[in-house]
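# Observations on the model geometry
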Amino acid sequence: MRGWPIVTDTAGRPLGTGRGPGSSATGDGLIRRRRRRRLRNSALGAAALLLAAAGAGWAGYAQLSANITSDEAAAAELARYERERPTALVRDAQNILLIGSDTRAGEANREYGKGITGQRSDTTILLHLAADRTSATAVSLPRDLMVHIPSCRKEDGTRSDPVFAMFNHAFEVGGSACTIRTVEKLTGIRVDHHMVLDFAGFKRIVDAVDGVEVCLEEPVDDKAAKLRLPAGRVTLNGEQALGYVRARKSLGNGSDTERMERQQRFLGALVDKVRGDDVLLNPVKLYPLLDAATSALTTDPELASLRGLYQLARGLRDIPTEQVRFLTVPRRSYVYDANRDQLVEPEAEKLFGRLRADQPVAVSQENSQEVPRDVTGAGGPDGPSPAPTFRGYTAVEHTCA
């Protein structure tokens, strides 16, 4: 094999191997060559780390997106009745129906009721996001509210007959699609998205944020809710939180009204915990929350991805907690059955009308319909019209007095 020519200086001393300046096996050339090798290896290592990080990031993104269950059946049913559904009146305003299911399906849910079959909407909240994302209004719909439920597709493919019954019967008969259509007929409000959360999912979310603090005026000992708590400030884990929001006889006056108000206060505390601990800005805290939330949710197809949920969360993150309002739809005991509810009119229609038009809604802990003069709505010939005040709370009013 032919070798490389030897290059010498004027004195006949070899300069190298003929591979070019600085390529000798000793001296400055060797140092420069080793430095280039180290730089090349460092660059390759950095590239490998970046690729690994990107791969891990993509794997995490894909896993979180895959966690979400897409409610394709509900989407198909709603598409079938598209012509009869309400029209959205204000662009960019959004209405999301949050449904808490009491299903006992699955091992994690079965422990909350042996021999109980089917599913009902244990909690239902209509969440309205203002078009400019400066406020959010969460309206609880009582499960015992008497409403007109349309004909719905049942799980076995048959169709139910229209019926006047308790609101939670809609979810039992036809799932989320039937509940959405019932809400739309009741309120005239277009439901843009929906989320369904079961008992196990609720627990996972609370545990993912390391518990939520509540304040109890008296100790609680409720065997049915599996709840035993001292009075004062208490941080509830997932199991305790589930018992707290579901308990009836051991907390308050045992009414569904008090139970819904307790649920609203808990949600306010949860919102405050997520925002106050900078969970949304801390990847170490955020990923477990996202993993728990996505694993727990069944949503409409548009929300059934991390991107869809991110777009929704992005609109929520800058809303001040004092502008996140919780209230229950105005209602009273049903005239034919004191254990059931009916809407109070015209107050309920006032509420629905303002949400349809994306107008402000004021809340107060006082049970009053008095009108505050500093909160105004769309207006009329004599200027802006005052917004009616409904009994409710804001997300900052969940702590002990």
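Residues numbered from 1 in each chain as written. Predicted model: local features only at pLDDT ≥ 70, side-chain atom pairs only at ≥ 80, totals over all residues. Heavy atoms only, no water.

Let us look at unusual backbone geometry. Following Glu345, the chain continues into Pro346 via a peptide bond in cis, with omega recorded as 10 degrees. By the secondary structure assignment, Pro346 is in the loop between β17 (337–343) and α10 (347–356). Despite not being glycine, Asp92 has its phi angle at roughly 80 degrees, a positive value. (Helix = DSSP H or I, 4+ residues; strand = E, 2+ residues; numbered from the N terminus.)

To continue, consider the packing of helix α5 (residues 199–208) against helix α8 (residues 283–296). The contact between α5 and α8 brings their axes to 8 Å, and the two run at 175 degrees. The orientation of α5 with respect to α8, classified from their angle, is roughly antiparallel. Facing Gly201, Arg204, Ile205 and Ala208 of α5, the residues of α8 in contact are Pro288, Leu289, Ala292, Ala293, Ser295 and Ala296. Tallied by class, residues from the contact of α5 with α8 come to 7 nonpolar, 2 polar and 1 charged. (Axes fitted to C-alpha atoms, helices over the stretch in contact; angles between N-to-C directions. Parallel < 35°, antiparallel > 145°, perpendicular 65-115°, else oblique. Contact = heavy atoms within 4.5 Å. Nonpolar A, V, L, I, M, F, W, Y, C, P; charged D, E, K, R; others polar.)

Next up on the list: the pairing of strand β15 (residues 324–328). Buried residues dominate β15, accounting for 5 of its 5 residues. Taking every second residue as pointing to the same face, both faces of β15 are buried, with Val324, Phe326 and Thr328 on one and Arg325 and Leu327 on the other. (Buried < 20%, exposed > 50% of the residue type's maximum accessible area, 1.4 Å probe, protein only.)

This next bit is on the packing of aromatic side chains. As enumerated under the stated definition, the model contains 4 aromatic pairs in all. With 6.2 Å between their ring centres and 55 degrees between their planes, Phe164 and Tyr334 make a pair best called tilted. Taken as a pair, Phe164 in strand β8 (residues 163–166) and Tyr334 in strand β16 (residues 331–334) lie far apart in primary sequence, 170 residues in all. The exposure class of Phe164 is partly exposed, given its relative accessible area of 38%. On the basis of relative accessibility, which here comes to 18%, the residue Tyr334 falls in the buried class. Summarising the aromatic geometry, the rings of Phe202 and Phe266 are spaced 5.7 Å apart at their centres and angled 45 degrees between planes, so their arrangement reads as tilted. (Phe/Tyr/Trp six-rings, centres within 6.5 Å; stacked < 30°, edge-to-face > 60°.)

Once that is clear, we can look at the side chain of Thr179. Within the secondary structure layout, Thr179 lies in helix α4 (residues 169–187). Among the residues examined, Thr179 registers a relative accessible area of 0% and is labelled buried. Separated by 3.1 Å, the side chain of Thr179 and the backbone oxygen of Gly175 make a polar contact. Those residues in contact with Thr179, other than ones at most four positions away along the chain, are Leu97, Ile99, Phe167, Ala170 and Phe171. (Polar contact = N/O pair within 3.5 Å; in protein donor to acceptor, adjacent residues only side chain to side chain.)

With respect to the helices and strands, Ala130 occurs in the loop between β5 (121–129) and β6 (136–140). Along the backbone, Ala130 and Gly315 are 185 residues apart, and their C-alpha atoms lie at a distance of 9.5 Å. If near-sequence neighbours (up to four positions away) are discounted, Ala130 is found in contact with Ala93, Ser135 and Asp358.

Turning to the environment of Glu397, a few remarks are in order. With respect to the secondary-structure elements, Glu397 resides in the segment after β19 (389–394). Between the C-alpha atom of Glu397 and that of Arg325, which follows or precedes it by 72 residues, the distance is 9.7 Å. The contacts of Glu397, once residues within four sequence positions are left out, are Arg265 and Gln365.

The subject of this paragraph is the pattern of salt bridges. In this structure the tally under the stated criterion is 11 salt bridges. Of the charged contacts in the structure, one is a salt bridge between Glu349 and Arg356, with a shortest N-O distance of 2.4 Å. Residue Arg356 is classed as partly exposed on the basis of its relative accessible area, which comes to 23%. Residues joined in a network through salt bridges with shared partners are Glu82, Arg85, Glu184 and Arg190. (Salt bridge = Lys/Arg side-chain N within 4 Å of Asp/Glu carboxyl O.)

All chains considered together, the criterion is met by 1 disulfide. Bridging Cys152 to Cys178, the disulfide has an S-S length of 2.1 Å. The S-S bond linking Cys152 to Cys178 shows a torsion near 75 degrees; that makes this disulfide right-handed. Here Cys152 is found in the loop between β7 (146–149) and β8, whereas its partner Cys178 is found in helix α4, with 26 residues between them in sequence. (Disulfide = S-S within 2.5 Å.)

Let's shift gears to the pairing of strand β4 (residues 94–101). With 6 of 8 residues buried, β4 lies mostly within the body of the structure. As paired strands, β4 and strand β9 (residues 193–197) are joined by 5 bridges and run parallel to one another. By the bridge assignment for β9, Ile99 is matched with Val196. (Pairing = 2+ DSSP bridges.)

Okay, the confidence of the model for the chain next. Per-chain confidence: the chain averages 77 in pLDDT, with 71% of residues scoring 70 or above. Mean pLDDT across the elements of the chain ranges from a minimum in helix α3 (residues 107–110), with 42, to a maximum in β7, with 97. Counted against residues more than four places away or in other chains, residues 16–25, with its pLDDT under 50, gives 16 contacts. Considering only residues more than four positions removed or in separate chains, one finds that residues 103–113, a stretch of pLDDT under 50, has 24 contacts. (pLDDT = per-residue confidence, 0-100.)

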